[in-house]
Amino acid sequence: MSDRAKGVPRPLKKVEFTVKFATRQADKGWSDLLGTTRSAVVDAWDFLTRTPKAQSEQNHPLKGPLATVVRDGTTHERWQYELPGGARLWFYVEGQTVWLVDVHTRHPNKTK
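Everything numeric in this text was worked out from a predicted model, so none of it was measured.

Conventions adopted
Residues numbered from 1 in each chain as written. Predicted model: local features only at pLDDT ≥ 70, side-chain atom pairs only at ≥ 80, totals over all residues. Heavy atoms only, no water. Helix = DSSP H or I, 4+ residues; strand = E, 2+ residues; numbered from the N terminus. Buried < 20%, exposed > 50% of the residue type's maximum accessible area, 1.4 Å probe, protein only. Contact = heavy atoms within 4.5 Å. Phe/Tyr/Trp six-rings, centres within 6.5 Å; stacked < 30°, edge-to-face > 60°. Salt bridge = Lys/Arg side-chain N within 4 Å of Asp/Glu carboxyl O.

Tracing the backbone shows Thr-97 in strand 7 (residues 97–104). Classification of Thr-97 by relative accessible area gives buried; the value is 15%. In this structure, Thr-97 is in contact with Phe-17, Thr-18, Lys-20 and Tyr-92, ignoring residues within four places of it in sequence.

On to the packing of aromatic side chains. Under the defined criterion, the tally for this structure stands at five aromatic pairs. Look at Phe-47 and Tyr-81: their rings are 5.3 Å apart centre to centre, the planes differ by 45°, and that puts the pair in the tilted class. Of this pair, Phe-47 sits in helix 2 (residues 38–50) while Tyr-81 sits in strand 5 (residues 79–82), placing them 34 residues apart in sequence. Judged by centre distance (6.5 Å) and plane angle (20°), the rings of Tyr-92 and Trp-99 are stacked. Comparing Tyr-92 with Trp-99, the two get one shared label, buried.

Below, the discussion takes up the pattern of salt bridges. Applying the stated rule across the entire model yields six salt bridges. Residue Arg-10 pairs with Glu-16 through a salt bridge whose shortest N-O separation is 3.2 Å. Residue Glu-16 is classed as buried on the basis of its relative accessible area of 7%. Between Arg-50 and Glu-16 there is a salt bridge, with the nearest N and O atoms lying 3.3 Å from each other. One end of the pair, Arg-50, is in helix 2; the other, Glu-16, is in the segment before strand 1 (18–21), with 34 residues separating them in the sequence. What emerges from the salt-bridge pattern is a single network uniting Arg-10, Glu-16, Asp-46 and Arg-50.

Below, the structure is given as C-alpha coordinates:
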(Lines give C-alpha, C1' and ligand atoms only; values in the text may rest on other atoms or scores of the structure.)
Protein backbone atom coordinates (compact mmCIF):
# COMPACT_ATOMS: atom_id res chain seq x y z
CA MET A 1 0.00 0.00 0.00
CA SER A 2 1.40 3.36 -0.93
CA ASP A 3 1.70 6.13 1.67
CA ARG A 4 -1.09 8.01 -0.12
CA ALA A 5 -3.53 5.14 0.40
CA LYS A 6 -3.09 5.01 4.18
CA GLY A 7 -5.89 6.32 6.36
CA VAL A 8 -5.34 9.64 8.09
CA PRO A 9 -5.67 9.34 11.89
CA ARG A 10 -7.98 11.86 13.53
CA PRO A 11 -5.83 14.57 15.12
CA LEU A 12 -6.58 15.71 18.65
CA LYS A 13 -6.73 19.28 19.86
CA LYS A 14 -4.31 20.09 22.66
CA VAL A 15 -7.17 20.16 25.19
CA GLU A 16 -8.57 16.79 24.10
CA PHE A 17 -7.89 13.49 25.81
CA THR A 18 -6.09 10.50 24.34
CA VAL A 19 -7.96 7.18 24.57
CA LYS A 20 -5.89 4.05 25.29
CA PHE A 21 -6.59 0.43 26.15
CA ALA A 22 -5.70 -0.55 29.70
CA THR A 23 -6.48 -4.24 29.07
CA ARG A 24 -6.61 -6.77 26.23
CA GLN A 25 -10.29 -7.30 27.01
CA ALA A 26 -10.97 -3.62 26.35
CA ASP A 27 -9.13 -3.83 23.01
CA LYS A 28 -11.12 -6.90 21.94
CA GLY A 29 -14.43 -5.51 23.19
CA TRP A 30 -13.81 -2.24 21.32
CA SER A 31 -13.23 -4.16 18.07
CA ASP A 32 -16.39 -6.19 18.66
CA LEU A 33 -18.44 -3.02 19.28
CA LEU A 34 -17.07 -1.38 16.13
CA GLY A 35 -18.39 -4.33 14.16
CA THR A 36 -21.91 -3.96 15.52
CA THR A 37 -22.48 -0.34 16.58
CA ARG A 38 -19.90 1.74 14.72
CA SER A 39 -21.78 5.06 14.84
CA ALA A 40 -22.38 4.81 18.60
CA VAL A 41 -18.70 3.93 19.17
CA VAL A 42 -17.61 6.96 17.14
CA ASP A 43 -19.93 9.14 19.24
CA ALA A 44 -18.42 7.61 22.40
CA TRP A 45 -14.90 8.32 21.10
CA ASP A 46 -15.80 11.95 20.46
CA PHE A 47 -17.28 12.28 23.95
CA LEU A 48 -14.33 10.59 25.69
CA THR A 49 -11.75 12.70 23.88
CA ARG A 50 -13.53 15.93 24.79
CA THR A 51 -15.39 15.58 28.11
CA PRO A 52 -14.84 12.16 29.74
CA LYS A 53 -15.87 13.36 33.21
CA ALA A 54 -19.04 15.21 32.21
CA GLN A 55 -21.79 13.52 34.22
CA SER A 56 -25.06 12.58 32.55
CA GLU A 57 -27.47 9.66 32.40
CA GLN A 58 -25.18 8.19 29.75
CA ASN A 59 -21.85 8.87 31.50
CA HIS A 60 -21.26 8.63 35.23
CA PRO A 61 -18.96 7.21 37.92
CA LEU A 62 -19.68 3.65 38.98
CA LYS A 63 -20.76 3.04 42.59
CA GLY A 64 -20.03 0.60 45.37
CA PRO A 65 -17.31 -2.01 44.86
CA LEU A 66 -17.00 -1.03 41.18
CA ALA A 67 -16.36 2.66 41.98
CA THR A 68 -12.58 2.39 41.78
CA VAL A 69 -9.91 0.60 39.82
CA VAL A 70 -6.29 0.15 40.93
CA ARG A 71 -3.58 0.40 38.27
CA ASP A 72 0.12 0.29 39.10
CA GLY A 73 -0.64 0.85 42.79
CA THR A 74 -2.77 3.96 42.19
CA THR A 75 -6.52 4.04 42.82
CA HIS A 76 -8.67 5.76 40.18
CA GLU A 77 -12.36 6.61 39.99
CA ARG A 78 -14.00 4.21 37.52
CA TRP A 79 -16.54 5.68 35.09
CA GLN A 80 -19.16 4.12 32.83
CA TYR A 81 -20.26 5.32 29.42
CA GLU A 82 -23.48 3.67 28.26
CA LEU A 83 -24.05 2.86 24.60
CA PRO A 84 -27.35 1.82 22.97
CA GLY A 85 -28.36 -1.80 23.42
CA GLY A 86 -26.74 -2.14 26.85
CA ALA A 87 -23.08 -1.93 25.79
CA ARG A 88 -20.82 -0.23 28.34
CA LEU A 89 -17.36 1.35 28.40
CA TRP A 90 -15.65 1.30 31.80
CA PHE A 91 -12.73 3.67 32.09
CA TYR A 92 -10.68 5.95 34.29
CA VAL A 93 -8.98 9.24 33.54
CA GLU A 94 -5.34 9.91 34.36
CA GLY A 95 -4.03 13.29 33.28
CA GLN A 96 -5.08 13.77 29.66
CA THR A 97 -5.52 10.04 29.03
CA VAL A 98 -8.74 8.03 29.14
CA TRP A 99 -7.87 4.40 29.94
CA LEU A 100 -10.46 1.87 28.75
CA VAL A 101 -10.49 -0.91 31.35
CA ASP A 102 -13.51 -2.96 30.21
CA VAL A 103 -15.62 -2.80 27.08
CA HIS A 104 -18.86 -4.73 27.41
CA THR A 105 -20.83 -5.52 24.26
CA ARG A 106 -23.99 -5.90 26.37
CA HIS A 107 -25.14 -4.85 29.84
CA PRO A 108 -22.64 -6.32 32.34
CA ASN A 109 -24.14 -8.57 35.02
CA LYS A 110 -22.05 -6.82 37.68
CA THR A 111 -24.21 -3.69 37.43
CA LYS A 112 -27.68 -5.30 37.21
